[in-house]
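# Descriptive structure summary
Spelled out, the chains give:
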Amino acid sequence: MAVSENISEKTIANAIRALSMDAVQAANSGHPGMPMGMADVATILFSEFLKFDPKAPKWADRDRFVLSAGHGSMLIYSLLHLTGYERPTLQDIKDFRQISSPCAGHPENFKLEGVEATTGPLGQGFAMAVGMAIAERHLNAQFDDDLVDHKTWVIAGDGCLMEAINHEAVGLAGHLGLGRLNVLWDDNGITIDGGTELSTSEDVPARYRASGWHVVSCDGHDFDDIRKALKEAEADPRPSLIACKTVIGYGAPTKQGTSATHGAPLGDEEIAGTRAALGWEHEPFVIPDDVRAAWLALGEKGASAHEAWNKRLEGHGDKAEFERRMSGALPDDGAMQDYLNGLAANPPKVATRKASEMALGAITAALPEMVGGSADLTGSNNTKTDSTKPLTKDDYSGRYIYYGIREFGMAAAMNGMALHGGIIPYGGTFMVFSDYCRGAMRLSAIQNVRTVYVMTHDSIGLGEDGPTHQPIEHLQSLRAMPNMHVFRPADAIETAECWAIALKRSDGPSTLALTRQNLPPLRDDVSENLCEKGAYSVKPAENDKRVVLIATGSEVSLAMDVAAQLEAKGVGADVVSMPCSELFDAQSDEYKSQLFGTDDILRVSIEAGTTFGWERYTGLNGLRFGIDCFGASGPIDDLFDYFGLTADKITPQILAKLG
């Protein structure tokens, strides 16, 4: 089957090459080599295999296409423009890599319809695609083929396959048998430093086969061979790796096949030579009418499939529920308030990880879109509930994923599920292992997706496991991440409230920092979600107020003990719980002043982590109690005493400061 009856396939593909090299040259920045090398493969994919409708970019049953090799962003920008998406316009492409253009250096999902994921950090696009493929199979099992029946396609480069996250993603996809996932490997043998033989001698196809994948190869510049390989991949029930042997910078007369085309403009002379070699006799950014018409016709092919799907949706018994889930809207059934009322009636003394499990019991029963998991710490993270049976290759309807020891892969897959839509993913590990997740957590924040990270064992309070497992800098480093809400609740009621806030937040991720040790209840009033303000008064001063104690999580009860000792000495002390500094920072100046008092009030922070950053709330003249070194191995009570985090050790220092 020919791409076009009147124009050669090579000419169709050369439109991608021309736009890519012209845009990079105009920006004097970018990566022309990959788009030029993969243009032929992408042409066959978009014309004959990918199910999409440029007039309806959010069609729920479209195929997902992820450009994991995000540095080659001009490939997807060219494809979106040529197939008839509203944007990017030709002017957007001319303004590639400029602030005014949605054609950023690496694709950003929030700037252009048709960009399914923000990619660029190599390997993460691939791993997010695994999450999308999980979401497709899960929703298919929840609904049926009439509503959910699509594939996930990925273009990945050598770098994507070298990154450590690739091993995690490949293993997970193979284990779950994600046969709707097809990865096109741009097997060009080139990285920035030069030929791949400089850095690797790995047998990549053998690794994939060993992980349960189907592997096929093709000549990435032979259209019939590409077509044959993609058909074979589609037909195989396993996830597929299609090794496309390509020439990076294809068509560039002196630079093709070298790293010189990877990350720099070709230059005017080389571009002129490329035009001659390709037979592309057009000025920069000019797409001849017949080529443009051929591409637009290819973009219209999915309209009939979309129309047929719309008819199936209209007559489907689950239409309303399917649309609700895909929109991300939450049902208003009062389940969380009922749960909070029950807590208030009998406040428990439990670890906040246990309080989270209790809250999740109510949440997962009420929200079928919740899909949880843990990186081999289910019993410690308390992330599984009665409503979440395992999701396996034999039963995709399950709602709990055993990720194994794959923290980074888990976090990236969660991003993919959230981007796909119809699922609210949450996943657990120890707080200290947020370091393994961090790259994906950052992309959660950049992409504005609703993912919830359940990070337990949040301080030295985990005890004997010692400094390798005791978080010190982690809370503040995550708080420093833009668009990440970090919650550190102090009791069961705060934990439930923080979960409610995280779930209502549809435009960004949340992290719950939870204790191993039991904490006493602090509140029994649930008429208002006080955590929504980020910080609030737990106890007002009884004597004349001279101190405000600001604490989080397990240290709020410690602050209450300190306040009791201060009050016994005639010193009035407010206690403020600050479960989420990001939400507090968004409050009015009036509210902040009301909570913290006037400048003559001594402000004291207490948190079992680094004191770095707390001066923004205490001021330079305040006191900050925490831990500015690594932890130690020992029983919990001994550790808190050793690091000076007891009322008996804090109170005298406050009194001394007051004079």
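Report follows, based on the coordinates. (Residues numbered from 1 in each chain as written. Predicted model: local features only at pLDDT ≥ 70, side-chain atom pairs only at ≥ 80, totals over all residues. Heavy atoms only, no water.)

### What about the sheet that holds strand β17 (residues 545-551)?
Backbone-to-backbone hydrogen bonds pair the strands of a sheet. The strands run either parallel or antiparallel. For clarity, the cut-off: The criterion for strand pairing is that DSSP finds at least two bridges linking the strands in question. Helix and strand definitions follow DSSP, with helices as H or I runs of at least four residues and strands as E runs of at least two, each counted in order from the N terminus. Comment: axis = line fitted to C-alpha atoms, over the contacting stretch for helices; angle = value between 0 and 180 degrees taken between N-to-C directions.
If you walk across this open sheet you meet the five strands as β16-β18-β17-β19-β20, and the pairing is mixed. The open sheet terminates on both sides in strands that have one partner only, identified here as β16 (536-539) and β20 (623-625). Across the sheet, the mean angle from the axis of one strand to that of its neighbour is 30°, orientation sign disregarded. Here β17 pairs with strand β18 (residues 572-577) via six bridges, running parallel. If you follow A551 over to β18, its bridge partner there is S577.

### So, the pairing of strand β9 (residues 370-374)
Stated formally: Note on classification: 1.4 Å probe, protein chains only; a residue is buried when its accessible area is under 20% of the maximum for its type, exposed when over 50%, partly exposed between these limits.
In terms of residue burial, β9 counts as a mostly covered element, since five of its five residues are buried. Going residue by residue along β9, you find M370, G372 and S374 tucked away on one face and V371 and G373 tucked away on the opposite face as well. Bridging between β9 and strand β11 (residues 424-430) involves three bridges; their strand directions are parallel. Of the residues in β11, the one forming a bridge with S374 is G428.

### Here we look at the packing of helix α2 (residues 33-49) against helix α3 (residues 74-82)
Put simply, the rule is: Angle categories are assigned with fixed cut-offs, so that under 35 degrees is roughly parallel, over 145 is roughly antiparallel, 65 to 115 is roughly perpendicular, and the rest are oblique. Handedness of a crossing is defined here by the sense of rotation of the near helix relative to the far one, left-handed for an anticlockwise turn of less than a right angle and right-handed for a clockwise turn. Any two residues having at least one pair of non-hydrogen atoms within 4.5 Å are treated as being in contact. Three classes are used, and their members are as follows: Ala, Val, Leu, Ile, Met, Phe, Trp, Tyr, Cys and Pro are nonpolar, Asp, Glu, Lys and Arg are charged, and the others, Gly among them, are polar.
Look at α2 against α3: their axes get within 10 Å of each other, and the N-to-C directions meet at 40°. In this view, α2 runs oblique relative to α3, as classed from their interaxial angle. Between α2 and α3 the crossing geometry is right-handed. Taking contact as the criterion, the partners of M34, P35, M38, A39, A42 and F46 in α2 are, on α3, M74, L75 and L79. Taken together, the residues of the contact of α2 with α3 sort by class into nine nonpolar, no polar and no charged.

### Focus on the packing of aromatic side chains
Given two aromatic rings, one states the distance between the centres and the angle between the planes to describe the pair. Keep this limit in mind: Stacked, tilted and edge-to-face are the three classes applied to pairs of Phe, Tyr and Trp rings, where Trp contributes its six-membered ring and a pair requires centres within 6.5 Å; stacked means planes under 30 degrees apart, edge-to-face means over 60, and tilted covers the rest.
Counted under the stated rule, the structure contains 20 aromatic pairs. Each ring, one from F126 and one from Y208, has its centre 6.4 Å from the other, and the planes form 65°; the classification is edge-to-face. Of the two residues, F126 is situated in helix α5 (residues 124-142) and Y208 in helix α8 (residues 204-210); the sequence distance between them amounts to 82 residues. When the ring of F126 is compared with that of W213, the centres are 5.9 Å apart and the planes differ by 35°; the resulting orientation is tilted.

### Some thoughts on a negative patch on the surface
Note the threshold: Only residues whose relative accessible area exceeds 30% and that form no salt bridge enter a patch; like-charged residues are grouped when within 9 Å of one another, and nonpolar side chains (Val, Leu, Ile, Met, Phe, Trp, Tyr) when within 5 Å. Residue exposure ignores everything except the shown protein chains as possible cover, and the areas themselves are Shrake-Rupley values with a 1.4 Å probe. We define a salt bridge as a side-chain nitrogen of Lys or Arg found within 4 Å of a carboxyl oxygen belonging to Asp or Glu. Two residue types count as positive, namely Lys and Arg, and two as negative, namely Asp and Glu; His and chain ends fall outside the count. To locate a charge, the coordinates of NZ of Lys, CZ of Arg, CG of Asp or CD of Glu are taken.
Residues E464, D465, D637 and D638 make up a contiguous surface patch of negative charge. Mapped onto the fold, D638 is located in helix α25 (residues 636-642).

### A few points about the side chain of E555
Relative to the helices and strands, E555 resides in helix α21 (residues 555-568). Residue class for E555 comes out buried when judged on its relative accessible area of 0%. Non-local contacts of E555, meaning those with residues more than four positions away in its chain, are made with R488, I606, E607, A608 and F640.

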